[in-house]
2 protein chains.
Amino acid sequence: MNGDSSPANGAPGSANGAPGSKVTARSTKFERSVLKRALQITGAPKVTVRLWDGATAGDGGAAAATLTVHGRAALWRLLARGDIAFGDLYSDGGIAVDGDLTQFLCEMFTATARARRENRWLDAAIRIFTPRPRLNTTTGSRRNIRHHYDIGNDFYRLWLDERMQYTCAYYPDQTFTVEQAQRAKMDHVCKKLQLKPGDTVVEAGCGWGSLAFYMAQNYGASVTAYNISAEQVSYARARAREAGLEDKLNYVEDDYRNISGEFDAFVSVGMLEHVGRAQYKTLGDVVAQCLRRGGRGLVHTIGRNRPRLMSPWIEKRIFPGAYPPTLREMMDIFEGRDFSVLDVENLRLHYARTLQHWRERYEAALPRVREMFDEEFARAWHLYLCGSQAAFLSGSLQLFQVVFAHGDDNGVPWTRGHLYR
Amino acid sequence: MNGDSSPANGAPGSANGAPGSKVTARSTKFERSVLKRALQITGAPKVTVRLWDGATAGDGGAAAATLTVHGRAALWRLLARGDIAFGDLYSDGGIAVDGDLTQFLCEMFTATARARRENRWLDAAIRIFTPRPRLNTTTGSRRNIRHHYDIGNDFYRLWLDERMQYTCAYYPDQTFTVEQAQRAKMDHVCKKLQLKPGDTVVEAGCGWGSLAFYMAQNYGASVTAYNISAEQVSYARARAREAGLEDKLNYVEDDYRNISGEFDAFVSVGMLEHVGRAQYKTLGDVVAQCLRRGGRGLVHTIGRNRPRLMSPWIEKRIFPGAYPPTLREMMDIFEGRDFSVLDVENLRLHYARTLQHWRERYEAALPRVREMFDEEFARAWHLYLCGSQAAFLSGSLQLFQVVFAHGDDNGVPWTRGHLYR
């Protein structure tokens, strides 16, 4: 292949496209040339694009995945709107990827990142045309979170671990199952916070409540856990009741901005992505108010090496209001209130592994997902899981775990050895 | 004591001040009232200030250190110029501290920091009147570094460890001597860089060359180490020759900006403080150029929780051009070149311990220091060591060790467990 073959110069005879495609006419030389140029501008990824008439552009080599574009309309949407069109077209079948979707997306992300580093005009254009995340006012946050988390516990149960943890797991042993790794993650967090029986903890954004539950059950802590997703809070409360841990677990259906009281530890795992850049100082104020002198804090979040908006498709269809911060941006939380950052750990590859495990379960559950929703929903979430895996594998996304304390606290741990004993 | 006693209302009869003071007249009510107000503005530290005529202000309680001001001129210099006057007056005997100097300074730093947090006018005033650090152009850096490091190896040998390491040590065991802790620090750094035999390392700012030496001797690495202090480089070269490690150790008397070649690891321990805020992006460019794909980097530096200029006295008399960055500011090194921060460790209390050990040796060597220099120099460096210890103890200074790699490197260590085995 030479990176641009028209059907006339030797493409195989699949000119009538894949099933479900509408073929209006053969692709024009102009279309093929624009496509070729678009691939060059976005860093010449090693992928093959096959058009509805069998014409191809780009060269992914024998083993790589192929992107098939099922029609002229799909091609032009893709060229004009990039990421967001890719997501919607993938979901509605306007395009398809033959081969491993994660591998295809990794190649795309890596090439685009390289192109953006090398071409500041491209970088500026992408910045300008990427829509801003939706607002995270208290009302906005509630709407954004419900969009994602109130899809239904039954759906998440199909592919998350048994404890329903929807954040990066920790694999000290690479043969761990996702169940083992989620348990190891919770132990890692509890050790970083030096939890001991009787400690009081406040958790901002508690998901289905599993970390709070684990802290109460295994570390004897009393946890007040905030979440604005009604479905999740009701699930968490039921689980606490069943286990007879109600006296140690207080699940509050409210915004983190309304946290009150004083605690020995502050923890937030996988909420900062939903907090929004403009609110980090406010979060710092909340922590300063609720963390007692001598207390310890931990923030666990998806992040970036350099500032980038979330993929617009993810922001639009999956995670409204989401923004993964850089470490620099995260310092808004800590600097204003003179917190001291004690420890930052980057668990990027652990999230790639977690997503691999989720994705395998999701793929096994696809028939059930189609029954519960429809084909478009099923494809969209598959793309989201594979795309996230690719983003962590390619270094487009990071996972930061930050431990902090009050700036003048001399009771902080002497080394980090206790985490590894 | 009520925080302001004139000689008339009960101060003991030391009205003629300590030895060496010039007493021109009794302190006036106005002077005592300005002093009292100054103490209030700077956070009401729990210290007692005794004037030349025995009048006191402030209340340090029974156990605390007392600051004695030997004369009117000293008082007004102190009130007008704060930090810088304190340093110079302490050095020339215009003031004295009875009791533990570190403890006295800790109390001062803690109170002032609190006052600055609570009073943004004070904070702004201090910012405005704190002189900027001297420039770190290649010529400026050379001048600044010679000021500090070319005082003479014999002087530093009096109080540093046997390997002449002038950076924070690491005490995995709190009973370690400074020798043991400096060795542990080097092992910690080498493990963080995952050094193995045959690796090539470039070191920016190598001091007396001990880390490079250790890497060559104990890890089989080949190290090219840059330093602009002629005295230090000549010391390091002699030591490499004696040990027969010349084939593995290349000490270069040059600026980090002139690093060339490609290496498996980049390391810089205690140089960033001297690099200057404006040069971090340049440092990032240097690292990007010399760190091969798959390589690992480590930057170890004194830092801050929030942006603050260096103490003007330290900047003027001890460390010209010095600036301890916040983590946010350090990101200038990494973000622009898409490096991924893998690990940040804060070793603040380890530096306080290191300084305690240095200070004990320095105090034991004081007669020798007075012989080599003079009383003023001896007092200035004692203040510098105690002041630095107090700054780390009070949380005014931090010590950050940052490990990083290229942003798309999937060969990074899976966990940090290898550091603690």
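If you're wondering where the values come from, they're calculated on a predicted model, not measured in any experiment.

Draft legend 1. The overall build of chain A, seen in detail. Check the secondary structure of chain A and you find 16 helices and twelve strands. On C-alpha atoms alone, chain A measures out to a radius of gyration of 23 Å, which is about the 22 Å that the 2.2 N^0.38 rule sets for 421 residues. A total of 421 residues make up chain A; the buried ones form 60% of that total. Contacts in chain A between residues far apart in sequence, at least 24 positions, make up 73% of those at least 6 positions apart. Approximately 16,600 Å² of chain A is accessible, and the part contributed by carbon and sulfur atoms is 51%. If the 54 positive side-chain charges of chain A are averaged to one point and the 47 negative ones to another, these points end up 6 Å apart.

Draft legend 2. Geometry of the relation of the copies chain B and chain A. Mapping chain B onto chain A calls for a rotation angle of 180° and an axial translation of 0.0 Å; the resulting RMSD is 0.0 Å. Interpreted geometrically, this transformation is the action of a two-fold axis. Mapped onto chain A, 100% of the interface residues of chain B are again interface residues, and the two copies thus contact each other with one and the same surface.

Draft legend 3. Fine view of the packing of aromatic side chains. One pass over the structure, following the stated rule, counts 57 aromatic pairs over all chains. Ring centres 5.2 Å apart and planes at 50° place the aromatic pair Y156 of chain B and Y166 of chain B in the tilted group. Highlighted residues: Y156 of chain B in helix α6 (residues 153-157) and Y166 of chain B in the loop between α6 and α7 (178-192), separated in sequence by ten residues. Y166 of chain B gets classed as buried once you look at its relative accessible area, which sits at 10%. Lying over the aromatic face of Y90 of chain A, R379 of chain A brings its terminal NZ or CZ to 4.6 Å of the ring centre. R120 of chain B extends its terminal NZ or CZ atom over the ring of W121 of chain B, reaching a point 5.4 Å from the ring centre.

Draft legend 4. Structural detail: the interface of chain B and chain A. Listed as interface residues are 46 residues of chain B and, on the opposing side, 46 residues of chain A. Summed over both sides, the interface between chain B and chain A buries roughly 4,100 Å², with carbon and sulfur atoms accounting for 44% of that surface. Area buried by chain B at its contact with chain A is led by R328, W414 and R416 of chain B, which between them contribute 23% of it. Linking chain B with chain A are twelve salt bridges. Examining the composition of the side of chain B that touches chain A, we find that eight residues originate from one element, strand β11 (residues 339-346) of chain B, more than from any other. In the side of chain B that touches chain A, the residues fall into 17 nonpolar, 14 polar and 15 charged.

Draft legend 5. Region of the structure containing the pattern of salt bridges. As enumerated under the stated definition, the model contains 56 salt bridges over all chains in all. Close ionic contact of D199 of chain A with K196 of chain A constitutes a salt bridge, the shortest N to O distance being 3.0 Å. Given a relative accessible area of 44%, K196 of chain A falls into the partly exposed group. Among the ionic pairs, D123 of chain B bridges to R116 of chain B, the shortest N-O distance being 2.8 Å. R116 of chain B carries the same exposure label as D123 of chain B, and that label is buried.

Draft legend 6. Focus on the side chain of T415 of chain B. Summarising the element assignment, T415 of chain B is placed in the segment after β12 (398-406). Engagement of the side chain of T415 of chain B in a polar contact is seen with the backbone nitrogen of G417 of chain B, the distance being 3.0 Å. Residues contacting T415 of chain B, with those up to four places away along its chain left out, are Y170, Y171, P172 and H350 of chain A.

Draft legend 7. Representation of helix α2 (residues 72-92) of chain A. Residue and element names in this part refer to chain A. An ideal rise of 1.5 Å per residue puts 30 Å on 21 residues; α2 reaches only 15 Å between its terminal C-alpha atoms. Buried residues in α2 make contact with α1 (29-41), β4 (66-69), β5 (95-98), α3 (101-118), α12 (312-318) and α16 (375-393). Phi for G93, located one or two positions after α2, is positive at around 85°.

Draft legend 8. Quick look at the packing of helix α1 (residues 29-41) of chain B against helix α2 (residues 72-92) of chain B. Residue and element names in this part refer to chain B. At a minimum axis separation of 11 Å, α1 and α2 run at an interaxial angle of 35°. Between α1 and α2 the crossing geometry is left-handed. Contacts between α1 and α2 pair F30, E31, V34, L35 and A38 from the former with R72, L75, W76 and L79 from the latter. Here the contact of α1 with α2 is built from residues that sort into seven nonpolar, no polar and two charged.

Draft legend 9. Examining the environment of L160 of chain B more closely. Residues and elements named next belong to chain B. Its place among the elements puts L160 in the loop between α6 and α7. Here the alpha-carbon distance between L160 and R32, two residues 128 residues apart in the chain, equals 42 Å. Leaving out residues up to four positions away in the same chain, L160 has contacts with Q165, Y166, W208, W358 and R361.

Draft legend 10. Focus on α16 of chain A. All names here are of chain A. In this model α16 runs 27 Å from its N-terminal to its C-terminal C-alpha over 19 residues, within 8% of the 27 Å that 1.5 Å per residue would give. Burial of α16 is extensive: 15 of the 19 residues sit out of reach of the surface. The distance from a side-chain oxygen at the start of α16 to the backbone nitrogen of E376 is 3.2 Å, and the residue carrying that oxygen is D374. Just beyond α16, the residue with positive phi is G395, at close to 80°.

Draft legend 11. Molecular detail of the side chain of H382 of chain A. Among the secondary structure elements, H382 of chain A is positioned in helix α16. With residues near it in sequence (within four places) discarded, H382 of chain A still touches Y90, L101, R359, Y362 and E363 of chain A.

Draft legend 12. Spotlight on the confidence of the model for chain A. All names here are of chain A. Looking at chain A as a whole, its pLDDT mean stands at 90, while 93% of the residues score no less than 70. For residues 6-21, every residue scores under 50 in pLDDT, and the model assigns this stretch 29 contacts once sequence neighbours within four places are set aside. Interface confidence for the predicted complex, expressed as ipTM, amounts to 0.91; the pTM equals 0.92.

Draft legend 13. Layout of the packing of helix α7 (residues 178-192) of chain A against helix α14 (residues 348-364) of chain A. Residue and element names in this part refer to chain A. For the pair α7 and α14, interaxial distance at closest approach is 10 Å and the crossing angle is 140°. Compared by their axis directions, α7 and α14 come out oblique. Between α7 and α14 the crossing geometry is left-handed. Facing V178, E179 and Q182 of α7, the residues of α14 in contact are T354, H357, W358 and R361. Grouping the amino acids of the contact of α7 with α14 by side-chain chemistry returns two nonpolar, three polar and two charged.

Reading the values: rules and limits
- Residues numbered from 1 in each chain as written.
- Chains lettered and ligands numbered in written order.
- Predicted model: local features only at pLDDT ≥ 70, side-chain atom pairs only at ≥ 80, totals over all residues.
- Heavy atoms only, no water.
- Helix = DSSP H or I, 4+ residues; strand = E, 2+ residues; numbered from the N terminus.
- Rg over C-alpha atoms; globule rule 2.2 N^0.38 Å.
- Buried < 20%, exposed > 50% of the residue type's maximum accessible area, 1.4 Å probe, protein only.
- Contact = heavy atoms within 4.5 Å.
- Areas by Shrake-Rupley, 256 points an atom, 1.4 Å probe, with all protein chains shown as cover.
- Lys, Arg positive; Asp, Glu negative; His and termini not counted.
- Charge placed at Lys NZ, Arg CZ, Asp CG, Glu CD.
- Least-squares fit on C-alpha atoms with pLDDT ≥ 70 in both.
- Phe/Tyr/Trp six-rings, centres within 6.5 Å; stacked < 30°, edge-to-face > 60°.
- Lys NZ or Arg CZ within 6 Å of the ring centre and 35° of its normal.
- Buried area = accessible area lost by both parts, 1.4 Å probe.
- Salt bridge = Lys/Arg side-chain N within 4 Å of Asp/Glu carboxyl O.
- Nonpolar A, V, L, I, M, F, W, Y, C, P; charged D, E, K, R; others polar.
- Polar contact = N/O pair within 3.5 Å; in protein donor to acceptor, adjacent residues only side chain to side chain.
- Expected span 1.5 Å × (residues − 1).
- Axes fitted to C-alpha atoms, helices over the stretch in contact; angles between N-to-C directions.
- Left-handed = near helix turned anticlockwise from the far one by under 90°.
- pLDDT = per-residue confidence, 0-100.
- Parallel < 35°, antiparallel > 145°, perpendicular 65-115°, else oblique.

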